[in-house]
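Summary of the model geometry
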Amino acid sequence: MKDVSDARLLNRNGVWYYRRSVPKHLVAAMGKSVIVHSLHTTEKKKAKKLREIEDVTWSAKFASLEAGTTQPALQSPKASLGEQELLELVRDYVAKNSSQFEERQTAIPASSAERKNAVESIERDISSLRDPDDLRADEWIGAIGSKLLAEAGQEPKSVSSTTNTRFAEVVRRGLLELSRRKLAHYQDDFGESFFDKAFDPARSKPLRFEELADQYQTLQLDEAEANGMSAKWQDKVRAQVALVRALIGDDTPVSAIDYDCCLRARSLLARTPSNRTKHYPGLPLEAAIKKGADEGKPLMAPVTQATYLDTLRNILRLAELKRLLPHNPAETLRPLKRDAERAEDKRAPLTPDQIKTFFASSFYKSCAPNAPVPYAKSDREWRYWLPLLSLFTGARPNEICQMLPGDVKCSGKGTWYLDLIVSSDDEDEGIEQPAKTLKTPTSRRKIPLHSELVALGFVEFAKGKQKTKAKRLLNDLKKDKYGNWASYSLKRFRDTFLKEAITLGPKQTFYSFRHSFRDALRRSHAGPDALKALGGWSQGTVTSDNYGDKSDPDLHVEAMGKVSYPGLDLSYLRPTNEITE
């Protein structure tokens, strides 16, 4: 009975070939149903030895493909490859086959007769590849091209005719390079390690997107550390870079990223569910998109999509600066869906009736210093002062909660004010976070105290803290892992205090106090300088804005004095021994 393995040997014109059928379930992955290639020998004994090597090699290849086919396929079809990626496919093919050829020849050197036959066969191959009208060469090029595309997860039939023509030319050059290397080996010509510059083994590998994104992230984090940015901000940078990498693909050569690639990334982003990593931790992006669609999860908001597209744009700007790209293909990219909601409408202020009701609520009144039945816990201070300071200064919760006693100051003209600046204290030295952080550069400001705060005894309260050398202005607050001192207090107001006192409408949160302050400034017709100095809202700049000290609290006492809330009377909260400064 004939040995099955002998059936894998085929003799053509005296030269032995290796022939093996591809398992039916792997034909699609291989891009062909039969493997046939020359063993470059006329001796059957040697052909059998070479066949054994081929058997082991291909059996391992089939086993690897089978292992891959057992994995669940949740991914969408891969995006079409760019010219650089196609070239890399052929480069890898040439390098791999050239290495395998050298290993076989080292294991079983060719005899003189085999060398002669191999040279003749290779010369015919070279001649065929150089002839544009040779049909045999076209079939050879087509088979190799289909195989490479299939291995890369591409459907050969889906490649456009223009791309296919260019790819065929690259494959032809690759086969020609491989043939010339083999010919040089048989002719003992070792003067050149390559013949086509495109296949130079010593060439630098193209930079992958993962490497570029890592470079960008390192630059951002280095800058953040140098400028004392919060750990939360740094984590946001990491999260944004991670998603952008998933959108583009870590292995994508930077040189292959074009406008079409960016459009595909934008399309994926538009289908990405909100809080993806929270809902689907560890799930690949495209699988999360499919699962989110099946479960009806809300999609990422356009304004959030814009931040990720900004990150993509900045990463590719780095590539442009490094001259890895001739221009930035994401320069004009914007979210697929426009944000129909204006920035000022994203969070609503509290109505005058809500403000009045909140400050008259039984729980809030119990936190007042002169309450008949006072709230006894040590955290009374922030429960009482945080809403008042938010309503009458417009400061952000963390700006208030992180204040030191010495941040309440008096100007030379007698104006009491809050000095919201970045500072540090001895207790916080040596930790990652600065003792105090601010959201934006415009947040560095000096806010004159509203007369209502003075009347309620805030100045006396701050003086008492300064006298006792308290560490913080408001007691019983601890910063979270990101250095935010307001996290716990905001949670308590969100989950309990606000809901028990008033009925909140859509888009209303504790931050609505700040928005109410902004509306109060509008009612008083405050100018741009006052808006920036008091609330940290930038109104755009002109050259003259850079001159003078706009943060001088004495300049904005009049504007602050006009801040009022219709129907709000807080006299019942004032200390019985009221002292007016």
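Let me begin by describing the structure that accompanies this report. Please read these numbers as outputs of a predicted model, since none were measured by experiment.

So, about the nonpolar core. Ranked by size, the top nonpolar core spans 57 residues in total, and within it Phe358, Phe359, Tyr384, Trp385, Leu388, Leu449 and Phe458 carry the most contacts. Once residues lying within four places of it in the same chain are set aside, the contact partners of Trp385 are Leu456, Gly457, Phe458, Phe461 and Leu474. Judged by nonpolar contacts, the second largest core, of 31 residues, contains Tyr216, Val254, Ala265 and Leu269.

Moving on, we get to the sheet that holds strand E3 (residues 34-38). In spatial order, the strands read E1-E2-E3; together these three strands make up an open sheet with antiparallel pairing. The outermost strands of the open sheet, each flanked by one partner alone, are strand E1 (9-12) and E3. Sheet twist, expressed as the average angle between the axes of neighbouring strands with direction ignored, equals 30°. Examined bridge by bridge, strand E2 (residues 15-21) and E3 share five bridges and lie antiparallel to one another.

Let us look at the environment of Trp385. Among the structural elements, Trp385 can be located in helix H15 (residues 380-393). Note on Trp385: relative accessible area 2%, which makes it buried. Between the C-alpha atom of Trp385 and that of Ile400, which follows or precedes it by 15 residues, the distance is 9.3 Å.

Under the criterion given, the structure shown has 32 salt bridges. Of the charged contacts in the structure, one is a salt bridge between Glu151 and Lys61, with a shortest N-O distance of 3.7 Å. Residue Glu151 is found in helix H5 (residues 135-151), and its partner Lys61 is found in helix H2 (residues 44-69); the two are separated by 90 residues along the sequence. Residues Asp310 and Arg313 are paired through a salt bridge, measuring 2.4 Å at the closest nitrogen-oxygen approach. Pair noted here: Asp310 and Arg313 are both in helix H12 (residues 302-321), with a separation of three residues, about one helical turn. By relative accessible area, which is 35% here, Asp310 ends up partly exposed. What makes Arg313 buried here is its relative accessible area of 7%. A single salt-bridge network, built from bridges that share partners, covers Arg208, Glu210, Asp214, Arg245, Asp250 and Asp251.

The rules behind these values
Residues numbered from 1 in each chain as written. Predicted model: local features only at pLDDT ≥ 70, side-chain atom pairs only at ≥ 80, totals over all residues. Heavy atoms only, no water. Core = buried A, V, L, I, M, F, W, Y, C linked by side-chain atoms within 4.5 Å. Buried < 20%, exposed > 50% of the residue type's maximum accessible area, 1.4 Å probe, protein only. Contact = heavy atoms within 4.5 Å. Pairing = 2+ DSSP bridges. Helix = DSSP H or I, 4+ residues; strand = E, 2+ residues; numbered from the N terminus. Axes fitted to C-alpha atoms, helices over the stretch in contact; angles between N-to-C directions. Salt bridge = Lys/Arg side-chain N within 4 Å of Asp/Glu carboxyl O.

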